Amino acid sequence: MIPQFDLKKEYAFLKEEIQQELKDVFSKTNFIGGNNVNSLEKNIAKYIGVKYAISCNSGTDALHFALRSMNIGKGDEVITTPFTFISTLEAIMYVGAKPVFADIDLETYNISKKEILKKINKKTKAIIPVHLFGNPFDIRGLKQEIGNKDIKIIEDCAQSFGSGINCQRVGSIGDIGCFSFYPTKNLGCYGDGGLITTNSEEICQDIKKLKNHGVSKRYHHDIIGYNSRLDEIQAAILNIKLKYVDQFNLMRVKIANLYDEALSDLKNITIPKRPKNSHHVFHQYTICSPDRDKIKTGLEKKNIGSAIYYPISLEKQKAYKDIYTEKNRFPKSNKLTKLCLSLPMFPHLSENDVLIVCNAIKKIR
Ligand SMILES: *Cc1c(COP(=O)(O)O)cnc(C)c1O
């Protein structure tokens, strides 16, 4: 059995260190607002290359607070991709803004810069590009095109911790970076967690209030806030995993190289592209094939997991179908939902297992 994702070997590798740190957390019993959270925020700000990192309860909250801190709401338009996890869209809905989709680029699976530029108008207040599957979108290139228009860029870095482009880490290039520590992410905790990065002190202060009941000083509530704090247990685990994240990302790249080598010559299979000057951290290794469903069932028969990220372009989701009258205007996103298949990918996946997956795919055709 080869799963599409698995944490067991990683936990076995980290177990002693994690147990030790957890003992410390339990002996102190400061479960909320302790030292681990503070040091994690400092460590991540330094790692990403920004002035401020503010932890919260999830990547979804990070995106929501990012929009709130920029006063984006009713009457405003926010451009994003229809080929992403639902959170990106939910955050825009929470603040009452209008989500405007720009179609993707089939080579990178990321939102297309050209399509974004077509959707910009006077109401556009922000753009949320997603660095999908660990592949960095060129934020700097987009900024140059936008010029001095007052449009904020919020990077959805949920799938791309540690990736970078032109020697800048994602999360440090736009106005705000939003991260998720959901267990499957490149830097994941053992529960839910999220984080926001920024160089703006004002945004930092706003988000600190939003995540903690609008508090400026204990029992002084300046704004209506939320309960969205990261806890000490998760922060302790993340501080340990942060030390290994580069190593684990390189293990992912090595696995991707093996897949590339074995699959690149196969007819009817397109391997994921790696744009120039970028560090793709392969949150997913996603191939495209007109035989996608055949490959998926063929792998299942051999007890090999694979996953379809994503089966439905977001404008077609039930909850949103009344908002989008422009159905099928995102032909590339819709095309990709029918072709994409994410193969087993996690740092501790063995070389031998990768070869078993590749051989199985070769025989399915
Ligand atoms: C996982 C994910 C999120 C949300 O993260 P949660 O921590 O699960 O709320 C947001 N955007 C993308 C692209 C994601 O993959």
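Above this text you will find the structure in question.
Let us look at the structure shown here. (Residues numbered from 1 in each chain as written. Predicted model: local features only at pLDDT ≥ 70, side-chain atom pairs only at ≥ 80, totals over all residues. Heavy atoms only, no water.)

### Description of empty space enclosed by the protein
Move 1: Under the counting rule described, the total for this entry stands at one cavity of 30 Å³ or more.
Move 2: Space inside the largest cavity adds up to approximately 40 Å³.
Move 3: Around the largest cavity sit F5, L7, E10, P183, K185, N186, G188, K241, F248, R252 and P347, which together line it.
Move 4: Here the element with the most residues in the lining of the largest cavity is helix α8 (residues 232-263); it accounts for three residues.
Move 5: Here the lining of the largest cavity is built from residues that sort into five nonpolar, two polar and four charged. (1 Å grid on protein atoms, 1.4 Å probe; cavity = no way out; pocket = protein on both sides within 12 Å on 5 of 7 lines; lining within 4 Å. Points joined across faces, edges and corners; volume = space filled by probe spheres on them. Helix = DSSP H or I, 4+ residues; strand = E, 2+ residues; numbered from the N terminus. Nonpolar A, V, L, I, M, F, W, Y, C, P; charged D, E, K, R; others polar.)

### Some remarks on the layout of surface pockets
Move 1: In this model, the largest pocket occupies a volume close to 630 Å³.
Move 2: Lining the largest pocket are 23 residues, and of these G33, K208, K211, N212 and R229 sit closest to its centre.
Move 3: Where the lining of the largest pocket is concerned, the elements lending two or more residues are α2 (35-48), β1 (52-56) and α7 (201-210).
Move 4: Looking at the lining of the largest pocket residue by residue, the classes come out as 10 nonpolar, six polar and seven charged.

### So, the sheet that holds strand β7 (residues 168-169)
Move 1: The three strands are arranged β7-β6-β12 in an open sheet whose pairing can be described as antiparallel. Of all the strands in the sheet, just β7 and β12 (278-279) have a single pairing partner and so form its edges.
Move 2: Sheet topology places strand β6 (residues 164-165) next to β7; two bridges connect them, and they run antiparallel. Paired with I165 across the bridge in β7 is Q168. (Pairing = 2+ DSSP bridges.)

### Remarks on the nonpolar core
Move 1: Y259, L263, Y285, L299, L343 and I361 are the most contacted members of the largest nonpolar core, which totals 27 residues.
Move 2: Residue assignment for this core shows that the elements contributing at least two residues are α8, β13 (285-288), α9 (292-301), β14 (340-343) and α11 (351-364).
Move 3: The element best represented in this core is α8, accounting for seven residues.
Move 4: Once residues within four sequence positions are removed from consideration, L299 is found in contact with I304, S306, L341, L343, V357, A360, I361 and I364.
Move 5: Counting residues in each nonpolar core, the second largest holds 24 residues, with F65, I154, I196 and I203 among its members. (Core = buried A, V, L, I, M, F, W, Y, C linked by side-chain atoms within 4.5 Å. Buried < 20%, exposed > 50% of the residue type's maximum accessible area, 1.4 Å probe, protein only. Contact = heavy atoms within 4.5 Å.)

### Overview of the site of the ligand
Move 1: Around the ligand sit 15 residues in total, of which G59, T60, D156, S180 and K185 are the nearest.
Move 2: G59 is positioned such that a nitrogen or oxygen atom in its backbone is 2.7 Å from an oxygen atom of the ligand.
Move 3: Measuring from a nitrogen atom of the ligand, one finds a side-chain N or O atom of D156 at 2.8 Å.
Move 4: Contact with the protein chains hides 93% of the accessible area of the ligand, taken as 380 Å² for the molecule alone.
Move 5: Sorting the residues of the shell around the ligand by element identifies α3 (59-69) and α4 (87-94) as the ones contributing at least two each.
Move 6: It is α3 that contributes the most residues to the shell around the ligand, three residues altogether.
Move 7: Residues belonging to the shell around the ligand are distributed by class as follows: four nonpolar, nine polar and two charged. (Near = heavy atom within 4 Å. Polar contact = N/O pair within 3.5 Å; in protein donor to acceptor, adjacent residues only side chain to side chain. Areas by Shrake-Rupley, 256 points an atom, 1.4 Å probe, with all protein chains shown as cover.)

### Let's talk about the pattern of salt bridges
Note that side chains of opposite charge can pair when their charged atoms are close.
Move 1: As enumerated under the stated definition, the model contains 14 salt bridges in all.
Move 2: Its salt-bridge partner being R274, residue D260 comes within 2.7 Å of it at the nearest N-O pair. Of this pair, D260 sits in helix α8 while R274 sits in the loop between α8 and β12; the two residues are 14 residues apart in sequence, bridging distant segments of the chain.
Move 3: D260 gets classed as buried once you look at its relative accessible area, which sits at 15%.
Move 4: The exposure class of R274 is partly exposed, given its relative accessible area of 33%.
Move 5: Close ionic contact of R292 with D293 constitutes a salt bridge, the shortest N to O distance being 2.8 Å. (Salt bridge = Lys/Arg side-chain N within 4 Å of Asp/Glu carboxyl O.)

### Concerning α7
Move 1: Three or more residues of α7 are buried, namely I203, C204, I207 and L210. All buried residues of α7 project into a common sector of 125° when viewed along the axis, lining one side.
Move 2: Contact partners of the buried residues in α7: β1, α3, β8 (176-180) and β9 (194-198). (Arc of directions from axis to C-beta.)

### Topic: the packing of helix α1 (residues 8-28) against α8
Move 1: Orientation of α1 relative to α8, taken along the N-to-C sense of each, is 145°, at an axis distance of 9 Å. Here α1 and α8 pass one another in a crossing that is right-handed. Each of E10, F13, L14, E17, I18, E21, L22, V25 and F26 in α1 lies in contact with α8, whose residues at this interface are E232, I233, A236, I237, I240, K241, K243, Y244, Q247 and F248.
Move 2: Of the residues that constitute the contact of α1 with α8, the class distribution is 12 nonpolar, one polar and six charged. (Axes fitted to C-alpha atoms, helices over the stretch in contact; angles between N-to-C directions. Left-handed = near helix turned anticlockwise from the far one by under 90°.)

### Quick look at a nonpolar patch on the surface
Move 1: Residues F26, F31 and I32 make up a contiguous nonpolar surface patch of roughly 280 Å² in combined accessible area.
Move 2: With respect to the helices, strands and loops of the structure, I32 is situated in the loop between α1 and α2.
Move 3: Overall, I32 belongs to the partly exposed group, its relative accessible area being 47%. (Patch = residues over 30% accessible without salt bridge, like charges linked within 9 Å, V, L, I, M, F, W, Y side chains within 5 Å.)

### Regarding the packing of aromatic side chains
Move 1: Under the defined criterion, the tally for this structure stands at 17 aromatic pairs.
Move 2: Pairing F65 with Y226 gives two aromatic rings, centres 5.6 Å apart and planes at 40°, and the pair type is tilted. You can see F65 sitting in helix α3 and its partner Y226 sitting in the loop between β11 (220-221) and α8, a full 161 residues away along the chain.
Move 3: Accessibility expressed as a relative area gives 31% for Y226, which makes it partly exposed.
Move 4: Among the aromatic residues, ring-to-ring pairing joins F83, Y109, F133, Y309 and Y310 into one connected group.
Move 5: In this structure, R169 is placed above the aromatic ring of Y47, and the distance from its NZ or CZ to the ring centre is 3.9 Å. (Phe/Tyr/Trp six-rings, centres within 6.5 Å; stacked < 30°, edge-to-face > 60°. Lys NZ or Arg CZ within 6 Å of the ring centre and 35° of its normal.)

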